[in-house]
Amino acid sequence: SQTIHQWPATLVQPVGSPLSLECTVEGTSNPNLYWYRQAAGRGLQLLFYSVGIGQISSEVPQNLSASRPQDRQFILSSKKLLLSDSGFYLCAWSPEVAGENEQFFGPGTRLTVL
Amino acid sequence: AQSVAQPEDQVNVAEGNPLTVKCTYSVSGNPYLFWYVQYPNRGLQFLLKYITGDNLVKGSYGFEAEFNKSQTSFHLKKPSALVSDSALYFCAAPYNNNDMRFGAGTRLTVKP
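Residues numbered from 1 in each chain as written. Chains lettered and ligands numbered in written order. Predicted model: local features only at pLDDT ≥ 70, side-chain atom pairs only at ≥ 80, totals over all residues. Heavy atoms only, no water.

1. A closer look at the overall build of chain B
Counting secondary structure elements, chain B contains zero helices and twelve strands. Start at the N end of chain B and walk to the C end: the helices and strands fall as β-β-β-β-β-β-β-β-β-β-β-β. For chain B, whose C-alpha radius of gyration is 13 Å, the value lies close to the compact-globule estimate of 13 Å for 112 residues. Within chain B, buried positions represent 46% of all 112 residues. Within chain B, residue pairs in contact and separated by at least 24 positions form 54% of the contacts whose partners lie at least 6 positions apart. Here chain B has roughly 5,300 Å² of accessible surface; of this, 47% comes from carbon and sulfur atoms. Charged side chains in chain B number 10 positive and 8 negative. The centres of these two groups are separated by 3 Å. (Helix = DSSP H or I, 4+ residues; strand = E, 2+ residues; numbered from the N terminus. Rg over C-alpha atoms; globule rule 2.2 N^0.38 Å. Buried < 20%, exposed > 50% of the residue type's maximum accessible area, 1.4 Å probe, protein only. Contact = heavy atoms within 4.5 Å. Areas by Shrake-Rupley, 256 points an atom, 1.4 Å probe, with all protein chains shown as cover. Lys, Arg positive; Asp, Glu negative; His and termini not counted. Charge placed at Lys NZ, Arg CZ, Asp CG, Glu CD.)

2. Remarks on the nonpolar core
Trp 35, Leu 47, Leu 48, Phe 74, Leu 76 and Tyr 89 of chain B are the most contacted members of the largest nonpolar core, which totals 27 residues. Of all elements in the fold, only β2 (10-14), β3 (19-21), β5 (33-38), β6 (44-50), β8 (64-68), β9 (73-78), β10 (87-94) and β12 (106-111) of chain B reach the threshold of two or more residues within this core. The greatest single-element share of this core, amounting to four residues, is contributed by β10 of chain B. Every residue in contact with Phe 74 of chain B, bar those within four places of it in the chain, is listed here: Cys 23, Leu 33, Phe 34, Trp 35, Leu 48, Lys 49, Tyr 50, Val 57, Ala 65, Glu 66 and Phe 67 of chain B. Core analysis: the next-biggest nonpolar cluster, separate from the first, contains 20 residues, Cys 23, Leu 64, Leu 76 and Tyr 89 of chain A among them. (Core = buried A, V, L, I, M, F, W, Y, C linked by side-chain atoms within 4.5 Å.)

3. Comments concerning the state of the cysteines
Within the structure shown, the criterion is met by two disulfides over all chains. Between Cys 23 of chain A and Cys 91 of chain A runs a disulfide, and the two sulfur atoms are separated by 2.0 Å. Looking along the S-S bond of the Cys 23 of chain A-Cys 91 of chain A disulfide, the torsion reads about -75°, which is the left-handed sense. Placement of the pair is Cys 23 of chain A in strand β3 (residues 19-26) and Cys 91 of chain A in strand β9 (residues 87-94), with a sequence separation of 68 residues. A residue is classified by how much of its surface remains accessible, and Cys 91 of chain A, at 0% relative accessible area, is buried. Between the sulfur of Cys 23 of chain B and that of Cys 91 of chain B lies a disulfide, 2.0 Å long from S to S. Here the S-S torsion is close to -60°, and the disulfide linking Cys 23 of chain B with Cys 91 of chain B is therefore left-handed. (Disulfide = S-S within 2.5 Å.)

4. Section: the sheet that holds strand β1 (residues 3-7) of chain A
Residues and elements named next belong to chain A. One open sheet holds the four strands; their spatial order is β1-β3-β8-β7, and the pairing between them is antiparallel. Two strands bound the open sheet, and with one partner strand each, they are β1 and β7 (64-70). Averaged over all neighbouring strand pairs, the angle between strand axes comes to 20°, with direction disregarded. (Pairing = 2+ DSSP bridges. Axes fitted to C-alpha atoms, helices over the stretch in contact; angles between N-to-C directions.)

Encoded structure:
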(Lines give C-alpha, C1' and ligand atoms only; values in the text may rest on other atoms or scores of the structure.)
Protein backbone atom coordinates (compact mmCIF):
# COMPACT_ATOMS: atom_id res chain seq x y z
CA SER A 1 0.00 0.00 0.00
CA GLN A 2 1.03 3.59 -0.53
CA THR A 3 1.92 5.98 2.27
CA ILE A 4 2.92 9.61 2.34
CA HIS A 5 5.08 11.21 4.98
CA GLN A 6 5.70 14.81 5.88
CA TRP A 7 8.09 16.30 8.36
CA PRO A 8 8.37 18.07 10.58
CA ALA A 9 4.86 17.98 11.99
CA THR A 10 5.20 21.43 13.54
CA LEU A 11 7.73 24.19 13.10
CA VAL A 12 8.22 27.60 14.65
CA GLN A 13 10.63 29.84 12.78
CA PRO A 14 11.67 33.50 13.06
CA VAL A 15 11.04 35.92 10.23
CA GLY A 16 13.92 35.89 7.75
CA SER A 17 15.03 32.35 8.53
CA PRO A 18 15.21 29.60 5.87
CA LEU A 19 12.70 26.80 5.49
CA SER A 20 12.82 23.23 4.31
CA LEU A 21 9.79 20.93 4.44
CA GLU A 22 10.05 17.41 3.16
CA CYS A 23 7.51 15.02 1.71
CA THR A 24 8.11 11.43 0.67
CA VAL A 25 5.83 8.82 -0.85
CA GLU A 26 6.20 5.07 -0.52
CA GLY A 27 4.67 2.24 -2.49
CA THR A 28 4.25 3.90 -5.87
CA SER A 29 6.35 5.08 -8.77
CA ASN A 30 6.30 8.31 -10.75
CA PRO A 31 3.56 9.95 -8.71
CA ASN A 32 2.32 13.45 -9.31
CA LEU A 33 3.23 15.50 -6.27
CA TYR A 34 1.63 18.63 -4.87
CA TRP A 35 2.27 21.27 -2.21
CA TYR A 36 -0.71 23.15 -0.78
CA ARG A 37 -1.01 25.80 1.89
CA GLN A 38 -4.05 26.13 4.08
CA ALA A 39 -4.58 29.32 6.07
CA ALA A 40 -6.83 29.54 9.12
CA GLY A 41 -8.32 26.07 8.61
CA ARG A 42 -10.10 26.97 5.42
CA GLY A 43 -9.45 26.66 1.72
CA LEU A 44 -6.45 25.12 0.04
CA GLN A 45 -4.05 27.11 -2.08
CA LEU A 46 -2.04 25.08 -4.59
CA LEU A 47 1.58 26.22 -4.43
CA PHE A 48 3.50 23.79 -6.62
CA TYR A 49 3.01 20.54 -8.46
CA SER A 50 5.38 18.13 -10.14
CA VAL A 51 4.79 15.43 -12.74
CA GLY A 52 8.36 14.10 -12.66
CA ILE A 53 11.89 14.48 -11.31
CA GLY A 54 13.11 18.03 -11.75
CA GLN A 55 9.76 19.18 -13.20
CA ILE A 56 8.14 21.85 -11.05
CA SER A 57 5.16 24.03 -11.89
CA SER A 58 4.49 27.07 -9.75
CA GLU A 59 0.96 28.26 -9.26
CA VAL A 60 1.59 31.31 -7.10
CA PRO A 61 4.65 33.58 -7.32
CA GLN A 62 6.07 34.11 -3.86
CA ASN A 63 9.18 33.59 -1.81
CA LEU A 64 8.75 29.82 -1.74
CA SER A 65 10.31 27.26 -4.07
CA ALA A 66 9.99 23.53 -4.57
CA SER A 67 12.29 20.79 -5.76
CA ARG A 68 11.95 17.14 -6.64
CA PRO A 69 15.40 15.59 -6.36
CA GLN A 70 14.09 12.03 -6.41
CA ASP A 71 11.01 10.35 -7.86
CA ARG A 72 9.19 10.15 -4.54
CA GLN A 73 10.62 13.14 -2.72
CA PHE A 74 9.21 16.65 -2.82
CA ILE A 75 10.77 19.54 -0.91
CA LEU A 76 9.35 22.98 -0.16
CA SER A 77 11.89 25.68 0.61
CA SER A 78 12.34 29.33 1.36
CA LYS A 79 15.48 31.41 1.76
CA LYS A 80 13.78 33.99 3.99
CA LEU A 81 10.46 33.40 5.68
CA LEU A 82 7.78 36.08 5.95
CA LEU A 83 5.08 36.37 8.57
CA SER A 84 2.55 35.63 5.84
CA ASP A 85 4.15 32.22 5.26
CA SER A 86 2.53 30.91 8.43
CA GLY A 87 -0.02 28.19 7.76
CA PHE A 88 -0.68 24.51 7.42
CA TYR A 89 1.32 22.95 4.58
CA LEU A 90 0.01 19.83 2.95
CA CYS A 91 1.75 17.52 0.53
CA ALA A 92 -0.30 15.23 -1.70
CA TRP A 93 0.21 12.69 -4.44
CA SER A 94 -1.90 11.21 -7.20
CA PRO A 95 -1.28 8.26 -9.52
CA GLU A 96 -1.52 10.16 -12.79
CA VAL A 97 -2.91 13.17 -14.50
CA ALA A 98 -6.05 11.69 -16.03
CA GLY A 99 -8.34 13.65 -13.75
CA GLU A 100 -10.20 10.59 -12.57
CA ASN A 101 -7.84 9.95 -9.69
CA GLU A 102 -8.14 11.33 -6.22
CA GLN A 103 -5.25 12.89 -4.38
CA PHE A 104 -3.83 11.40 -1.20
CA PHE A 105 -2.68 13.81 1.44
CA GLY A 106 0.05 13.71 4.03
CA PRO A 107 -0.51 14.63 7.68
CA GLY A 108 0.64 18.22 7.16
CA THR A 109 3.17 20.59 8.70
CA ARG A 110 2.03 23.45 10.91
CA LEU A 111 4.39 26.38 10.31
CA THR A 112 4.36 29.43 12.55
CA VAL A 113 6.56 32.35 11.60
CA LEU A 114 7.19 34.80 14.44
CA ALA B 1 -11.43 23.04 -16.76
CA GLN B 2 -13.88 22.62 -13.94
CA SER B 3 -14.63 24.62 -10.84
CA VAL B 4 -16.69 24.02 -7.74
CA ALA B 5 -18.40 26.21 -5.18
CA GLN B 6 -19.54 25.49 -1.65
CA PRO B 7 -22.24 28.01 -0.78
CA GLU B 8 -22.25 27.37 2.97
CA ASP B 9 -19.36 28.17 5.31
CA GLN B 10 -21.00 26.36 8.19
CA VAL B 11 -23.60 23.64 8.61
CA ASN B 12 -25.01 22.68 11.99
CA VAL B 13 -27.08 19.55 12.57
CA ALA B 14 -28.19 17.53 15.57
CA GLU B 15 -26.85 14.05 16.07
CA GLY B 16 -29.10 11.49 14.43
CA ASN B 17 -30.53 13.93 11.91
CA PRO B 18 -29.73 13.76 8.21
CA LEU B 19 -27.02 16.06 6.95
CA THR B 20 -26.36 17.72 3.61
CA VAL B 21 -23.26 19.63 2.58
CA LYS B 22 -23.76 21.47 -0.68
CA CYS B 23 -21.53 21.72 -3.73
CA THR B 24 -22.23 23.16 -7.17
CA TYR B 25 -20.01 22.83 -10.18
CA SER B 26 -19.20 24.55 -13.42
CA VAL B 27 -17.78 22.34 -16.11
CA SER B 28 -17.16 22.00 -19.79
CA GLY B 29 -17.64 18.36 -20.75
CA ASN B 30 -18.13 15.42 -18.42
CA PRO B 31 -17.56 16.34 -14.79
CA TYR B 32 -15.31 14.52 -12.38
CA LEU B 33 -16.26 15.46 -8.84
CA PHE B 34 -14.77 14.58 -5.48
CA TRP B 35 -15.47 14.99 -1.77
CA TYR B 36 -12.81 15.10 0.93
CA VAL B 37 -12.99 15.45 4.71
CA GLN B 38 -10.45 17.09 7.00
CA TYR B 39 -10.33 16.54 10.73
CA PRO B 40 -8.52 19.10 12.92
CA ASN B 41 -4.78 19.33 12.30
CA ARG B 42 -4.89 16.48 9.80
CA GLY B 43 -4.52 16.07 6.08
CA LEU B 44 -7.53 15.68 3.79
CA GLN B 45 -9.06 12.25 3.40
CA PHE B 46 -10.82 11.12 0.25
CA LEU B 47 -14.51 10.26 0.76
CA LEU B 48 -15.97 9.56 -2.66
CA LYS B 49 -15.98 10.57 -6.30
CA TYR B 50 -18.26 10.74 -9.31
CA ILE B 51 -16.76 9.81 -12.65
CA THR B 52 -19.66 8.32 -14.59
CA GLY B 53 -22.55 5.92 -14.06
CA ASP B 54 -25.02 6.01 -11.19
CA ASN B 55 -25.91 9.46 -9.96
CA LEU B 56 -25.83 8.28 -6.35
CA VAL B 57 -22.29 7.59 -5.23
CA LYS B 58 -21.54 5.82 -1.97
CA GLY B 59 -18.36 6.47 -0.07
CA SER B 60 -16.56 6.05 3.23
CA TYR B 61 -18.06 6.40 6.71
CA GLY B 62 -21.65 6.08 5.45
CA PHE B 63 -21.51 9.19 3.26
CA GLU B 64 -23.04 9.42 -0.17
CA ALA B 65 -23.35 12.11 -2.80
CA GLU B 66 -25.89 12.74 -5.49
CA PHE B 67 -24.82 14.01 -8.88
CA ASN B 68 -27.55 16.23 -10.35
CA LYS B 69 -26.81 17.39 -13.86
CA SER B 70 -29.83 19.68 -14.22
CA GLN B 71 -28.94 21.54 -11.03
CA THR B 72 -25.17 21.22 -11.56
CA SER B 73 -24.84 19.99 -8.00
CA PHE B 74 -23.00 17.26 -6.13
CA HIS B 75 -24.29 17.45 -2.56
CA LEU B 76 -22.80 15.28 0.16
CA LYS B 77 -25.33 13.49 2.36
CA LYS B 78 -25.59 11.15 5.30
CA PRO B 79 -28.88 9.76 6.66
CA SER B 80 -27.92 10.00 10.32
CA ALA B 81 -25.18 12.33 11.53
CA LEU B 82 -22.68 11.43 14.23
CA VAL B 83 -20.82 13.83 16.50
CA SER B 84 -17.64 12.34 15.06
CA ASP B 85 -18.66 13.59 11.60
CA SER B 86 -17.83 17.12 12.73
CA ALA B 87 -15.06 18.26 10.41
CA LEU B 88 -14.24 20.44 7.42
CA TYR B 89 -15.56 19.13 4.10
CA PHE B 90 -14.22 20.00 0.66
CA CYS B 91 -15.71 19.50 -2.75
CA ALA B 92 -13.17 19.31 -5.59
CA ALA B 93 -12.82 18.95 -9.34
CA PRO B 94 -9.88 18.61 -11.74
CA TYR B 95 -8.75 21.98 -13.03
CA ASN B 96 -6.66 20.59 -15.86
CA ASN B 97 -4.70 17.42 -16.43
CA ASN B 98 -2.30 18.21 -13.64
CA ASP B 99 -4.10 19.52 -10.62
CA MET B 100 -7.33 19.70 -8.71
CA ARG B 101 -9.17 22.71 -7.41
CA PHE B 102 -10.99 22.66 -4.11
CA GLY B 103 -13.98 24.55 -2.85
CA ALA B 104 -13.60 26.90 0.08
CA GLY B 105 -14.75 24.25 2.50
CA THR B 106 -17.81 23.80 4.71
CA ARG B 107 -17.44 23.31 8.44
CA LEU B 108 -19.90 20.70 9.67
CA THR B 109 -20.78 20.68 13.35
CA VAL B 110 -22.89 17.85 14.71
CA LYS B 111 -24.28 18.57 18.17
CA PRO B 112 -25.21 15.82 20.61
